[in-house]
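Coordinate analysis (summary)
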Amino acid sequence: MVRLLRIGSMGMWFIIYLKGVWCNIDRLELIMPRYALKGGEVVLHCDHSVPPEHLHKVEYKKGDDKVLLYVKGRNPACRIWRVRGATLADQYCNATHVRLDNLTFAAGGSYHCVVSMETPSIFTKESDSKELTIIDPQKGDPRISFTKQTFAVGDKLEANCTTFPSRPSPYITWFINDKKVPDHLTRSYSNGLHAHGFFETRAPSIKQISVEVSELHGDVDNKLRLTCVATIPGYVNKEQKYADIRNATVELIIVDEFPAAPSPVEAASSSAEWIQQVAELLLLQLSLVILLL
């Protein structure tokens, strides 16, 4: 710890280093996951640089509400408050960790920790807040629906991706041959629940893709891989770790062009030839019957 002392009538100030202790906390951070599963657990870790011999107390808070207080040397060392939406594991209480069990959506919110150290005077520091979101994940992969399986170059490909319900509802990202489809080629549809209380309800997401098929969409086998990825949180990049991720892929066949439809003259000529062939076959069968009589 450092103190400024005034010595003598000249009013000179001197820096005094007391007991080899700097009255400061260089490192203080609440480490916790951004997302946790409904019904699961989460561990809050107050990471700090205070040596054990100088630690006085550690306090965990949710917003302005107290969650747990650890005081070194006290018996019992922990005092626990009721946390809405979770239960605290008593056996998991120490100077650096606390665990919340049986999570419900009410446990979501802003958390932080406060650390006090013992010096000639008490010094206290508060960490930055971290946000916790409780999720109810998807129960299965999304479903891709489309009108046909074969497309010609120049056709418009339209397909819908529908996810399983979750809370919050999933974010959908479309890929064609592993390349992200630009947002302006997609459209999200309301599921009818985007109103008051939406984030308190499990709900699916629906997103349509509408793109003109080009020669570039076909691989060496003239196939187009259409992938729908449903994530919580929303798509950022492939390296991000998601709290919940589901996907579905279908393969569509790309052809250069469909066979041209016959002209009316060709269609009439073909029809006349078919009728003539049928008539000749019937006459042949009639002749055979007469010969057998």
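Residues numbered from 1 in each chain as written. Predicted model: local features only at pLDDT ≥ 70, side-chain atom pairs only at ≥ 80, totals over all residues. Heavy atoms only, no water.

As a further point, take the overall build of the chain. Helix and strand content of the chain: one helix and 22 strands. For the chain, the proportion of contacts with a sequence separation of at least 24, taken over those separated by at least 6, is 60%. Accessible area of the chain: about 18,200 Å², with a carbon and sulfur share of 55%. (Helix = DSSP H or I, 4+ residues; strand = E, 2+ residues; numbered from the N terminus. Contact = heavy atoms within 4.5 Å. Areas by Shrake-Rupley, 256 points an atom, 1.4 Å probe, with all protein chains shown as cover.)

Such a bond, covalent and formed between the sulfur atoms of two cysteines, is termed a disulfide. Taken as a whole and assessed by the stated rule, the structure comprises two disulfides. Between the sulfur of cysteine 46 and that of cysteine 113 lies a disulfide, 2.2 Å long from S to S. Taking the torsion about the sulfur-sulfur bond, which here is approximately 75°, the covalent link between cysteine 46 and cysteine 113 counts as right-handed. Here cysteine 46, found in strand 5 (residues 42-48), pairs with cysteine 113, found in strand 11 (residues 109-117); they are 67 residues apart in sequence, far enough to count as distant. Judged by relative accessible area, cysteine 113 falls into the buried class, the value being 0%. Covalently, cysteine 161 is tied to cysteine 228 through a disulfide, its sulfur atoms 1.8 Å apart. (Disulfide = S-S within 2.5 Å. Buried < 20%, exposed > 50% of the residue type's maximum accessible area, 1.4 Å probe, protein only.)

Turning to the packing of aromatic side chains, a few remarks are in order. All told, the structure shown has zero aromatic pairs when counted by the stated rule. The residue whose ring lies beneath arginine 34 is tyrosine 35, and the NZ or CZ to ring-centre distance is 4.9 Å. Between arginine 167 and the ring centre of phenylalanine 105, over which it is positioned, the NZ or CZ distance is 3.4 Å. (Phe/Tyr/Trp six-rings, centres within 6.5 Å; stacked < 30°, edge-to-face > 60°. Lys NZ or Arg CZ within 6 Å of the ring centre and 35° of its normal.)

Evaluation of the coordinates by the stated rule reveals 13 salt bridges. A salt bridge links glutamate 29 to lysine 130; the nearest nitrogen and oxygen atoms lie 3.3 Å apart. Of this pair, glutamate 29 sits in strand 3 (residues 28-31) while lysine 130 sits in strand 13 (residues 130-135), and the two are 101 residues apart along the sequence. With a relative accessible area of 37%, glutamate 29 lands in the partly exposed category. Residue classification places lysine 130 among the partly exposed residues on the basis of a relative accessible area of 27%. A salt bridge links arginine 246 to aspartate 141; the nearest nitrogen and oxygen atoms lie 3.6 Å apart. Of this pair, arginine 246 sits in strand 22 (residues 244-255) while aspartate 141 is found in the loop between strand 13 and strand 14 (143-146), placing the two residues 105 residues apart along the sequence. (Salt bridge = Lys/Arg side-chain N within 4 Å of Asp/Glu carboxyl O.)

Summarising the element assignment, serine 110 is placed in strand 11. Owing to a relative accessible area of 25%, serine 110 belongs among the partly exposed residues under this scheme. C-alpha of serine 110 to C-alpha of lysine 130: the two residues are 20 residues apart in sequence and 5.5 Å apart in space. Apart from the residues within four sequence positions on either side, serine 110 is in contact with Lys61, Lys62, Gly63, Ser129, Lys130 and Glu131.

What follows deals with the sheet that holds strand 20 (residues 206-212). In space, the four strands of this open sheet follow the order 14-16-20-19, with antiparallel pairing throughout. Because the sheet does not close on itself, it has two edges, and the strands there are strand 14 and strand 19 (186-189). Adjacent strand axes in the sheet meet at a mean angle of 25°, parallel and antiparallel pairs treated alike. Where strand 16 (residues 156-162) and strand 20 come together, seven bridges link them in antiparallel fashion. Paired with alanine 159 across the strands is isoleucine 209, a residue of strand 20. (Pairing = 2+ DSSP bridges. Axes fitted to C-alpha atoms, helices over the stretch in contact; angles between N-to-C directions.)

Looking now at the sheet that holds strand 15 (residues 150-152). Overall, mixed pairing links the five strands, which are arranged 15-22-21-17-18 in an open sheet. With one partner strand each, in any of the chains shown, strand 15 and strand 18 (179-180) form the two edges of the open sheet. As judged from the two bridges shared by strand 17 (residues 171-176) and strand 18, these two strands associate in the antiparallel manner. By the bridge assignment for strand 18, isoleucine 176 is matched with lysine 179.

This paragraph deals with the nonpolar core. In this structure, Leu44, Tyr60, Leu100 and Tyr111 are the most contacted members of the largest nonpolar core, which totals 30 residues. When residues of this core are traced back to their parent elements, those giving at least two are strand 3, strand 5, strand 6 (55-62), strand 7 (65-71), strand 10 (97-101), strand 11 and strand 13. Element by element, the count of residues in this core is highest for strand 11, at four residues. When near neighbours in sequence (up to four residues on either side) are disregarded, leucine 44 contacts Leu30, Ile31, Met32, Tyr60, Thr96, His97, Val98, Leu100 and Tyr111. If you look at the next biggest cluster of nonpolar residues, it comprises 19 residues, including Phe151, Leu157, Cys161 and Ile176. (Core = buried A, V, L, I, M, F, W, Y, C linked by side-chain atoms within 4.5 Å.)

Time to look at the confidence of the model for the chain. Model confidence for the chain is summarised by a mean pLDDT of 81, while 71% of its residues fall at 70 or above. Between residues 1-21, whose pLDDT stays under 50, and residues either more than four places distant or in other chains, the model counts 36 contacts. Of the regions scoring below 50 in pLDDT, residues 193-199 engages in nine contacts with residues more than four places distant in sequence or in other chains. (pLDDT = per-residue confidence, 0-100.)

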